[in-house]
Amino acid sequence: MESPVDSAIQVEKVSLWRATREIFRDSRSTLKYVLNECPASWRTIRSGMSWCCLLLIINGAFWLFGGLLFASLEGWHESRYKCGALRIRRHFIEELWEQSAILPEDEWRELARQRLIDFEDQLHEAFSAGLTSYTGKRTWGFWDAVAFSMTTVSTIGYGHIVPVTWLGRMITICYSTFGIPLFLILLAESGLLLTRILKLSWVYIVRFGATPSGKRICHSKLINNLLRLIHNTINKIFEQGKSKRLVGPLFETFQGIYNNAINSVNTSRTFSVDDQFDISALVAICLLFLYLLWGSILFFLSEDWSPLEAFYFVYITLTTIGFGDYVPQHPLALLTSVVYIIFGLALTGLCLNTIQGELLRKSDNVRGKLCALLGLQLNCNEVVDLGCPGSEIFLPAETSFPSEPVPLPSEKVPLPSEMPFQSEETDPIQLETTEIEKKDQ
């Protein structure tokens, strides 16, 4: 006979299975609804994906060409010096072995000392030529050169591998002159595509939140208590910081940014899926952190790094700082994540620009309060009269310029109806719901 505990567990499993099925069903139906609601945006995203793939193929071909070029030039220079060091070391060992049975001990020691000096001179010459790796390890392999080409045109520049010949350095200048603009075009198009994908994803999240499964998730006790705890903790920190004398305006600014982000999420309004990355600074920070966390997990699994080291590497890479203290062991690990790096560079640039713009808008109030507190005066504007007696020597009195350009008789002035007009195809979406729709739901 089945016990009451087993029956309760069975009921819980069935309810969880039904809830999971409802979530998948509602998510699939929401996706179809959003795609039917935003057909122009979906066509634009598909076209943008095709265009970005074409640009990625062009950039990839350019990186392969650079890898072949640098591997041939710098690899030949590297092999020449390393082969000389290997030859001297091999002859050194063979000669010592042959002469050990013939020469006396003093002469054998003198010969060994002279051969060691020759080997040290060869190593010093190779090091002066820019070689820093072991003789049995190649620095300028083909895939290493391809990784160098990609990091050069993307302005990351790790610095763990650099050209050492003057011809290689001159070719690097010419290569980056054409490669950087080509990569920036790919970066700009990726940013536009990423913006549209994020906005369409937000529409999907809002529509899914209106479904029964979405309402069950949003109104669950665990999520509500967690969000309330985070919100109260952040407001408590802001209130304590605002009571400080010097840092009070800064905490007030951060509280304004936080409230702006909360209001932008809670408001229901008409939403346009376009190329404008108009999100709040706090949402941009959260979005960037999630993207960095995803990349750090990938490199933590592929490299022998700790989670903190992987997160540090991803941040240094996507911000194009590129210290070079942490680099993937094999260049193919870097090249296989090129799509993640390209979208990450675009997302990092968009998020940092958003954070900078909002901080600049909020900084006027902070600057005024801090200057008043410290007794500083920054906004001092004066009007100077430059009408001195000798100013006529620069501009003759009879010289006059018309305030507006006058068209020639042969020129035809276009009418307003003949002016070109360009319109951008966007999808305005009404995210707010009326009372009748709420009752129907």
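Heads up: the structure comes first, above all this text.
Summarised in this report is the structure supplied together with it. (Residues numbered from 1 in each chain as written. Predicted model: local features only at pLDDT ≥ 70, side-chain atom pairs only at ≥ 80, totals over all residues. Heavy atoms only, no water.)

A count of helical and extended segments in the protein gives 13 helices and 2 strands. Of all 441 residues assigned to the protein, the portion counted as buried reaches 30%. Across the protein, the fraction of contacts at a sequence separation of at least 24, relative to all contacts at a separation of at least 6, is 77%. Surface accessibility of the protein: about 29,700 Å² in total, with carbon and sulfur atoms responsible for 64%. (Helix = DSSP H or I, 4+ residues; strand = E, 2+ residues; numbered from the N terminus. Buried < 20%, exposed > 50% of the residue type's maximum accessible area, 1.4 Å probe, protein only. Contact = heavy atoms within 4.5 Å. Areas by Shrake-Rupley, 256 points an atom, 1.4 Å probe, with all protein chains shown as cover.)

Here the structure, examined in full by the defined rule, presents 19 aromatic pairs. Summarising the aromatic geometry, the rings of Phe299 and Trp305 are spaced 6.5 Å apart at their centres and angled 25 degrees between planes, so their arrangement reads as stacked. Relative to Phe313, the ring of Trp305 lies with its centre 5.0 Å away and its plane at 55 degrees, an arrangement referred to as tilted. One exposure class covers both Trp305 and Phe313, and it is buried. One aromatic cluster is present, built from ring pairs that chain together Tyr158, Phe299, Trp305, Tyr312, Phe313 and Tyr326. (Phe/Tyr/Trp six-rings, centres within 6.5 Å; stacked < 30°, edge-to-face > 60°.)

Moving on, we come to the nonpolar core. With 44 residues, the main nonpolar core has Trp63, Phe183, Phe313, Val314, Leu334, Ile341 and Ile342 as its most contacted residues. Within the residue set of this core, elements represented by two or more residues are α2 (39-99), α4 (142-153), α5 (166-209), α9 (281-302), α10 (307-318), α11 (331-336) and α12 (338-374). Top contributing element to this core by residue count: α12, with 9 residues. Apart from residues lying up to four places away in sequence, Ile341 is in contact with Met150, Ile156, Thr317, Leu318 and Leu334. Ranked by size, the runner-up nonpolar core spans 9 residues in total, among them Cys38, Ile45, Leu200 and Val273. (Core = buried A, V, L, I, M, F, W, Y, C linked by side-chain atoms within 4.5 Å.)

The subject of this paragraph is a nonpolar patch on the surface. Together, Leu246, Val247, Leu250, Phe254, Leu359, Leu373, Leu374 and Leu376 make up an exposed nonpolar region whose accessible area comes to about 690 Å². Ranked by residue count, the leading element in the nonpolar patch is α12, at 3 residues. Position of Leu376 relative to the elements: it lies in the loop between α12 and β2 (427-430). (Patch = residues over 30% accessible without salt bridge, like charges linked within 9 Å, V, L, I, M, F, W, Y side chains within 5 Å. Salt bridge = Lys/Arg side-chain N within 4 Å of Asp/Glu carboxyl O.)

Before going further, it helps to examine the environment of Cys286. Along the chain, Cys286 turns up in helix α9. Relative accessible area serves as the criterion here: at 41%, Cys286 is assigned to the partly exposed category. Along the backbone, Cys286 and Cys351 are 65 residues apart, and their C-alpha atoms lie at a distance of 9.6 Å.

No statement about biological role is implied by the geometric values presented.
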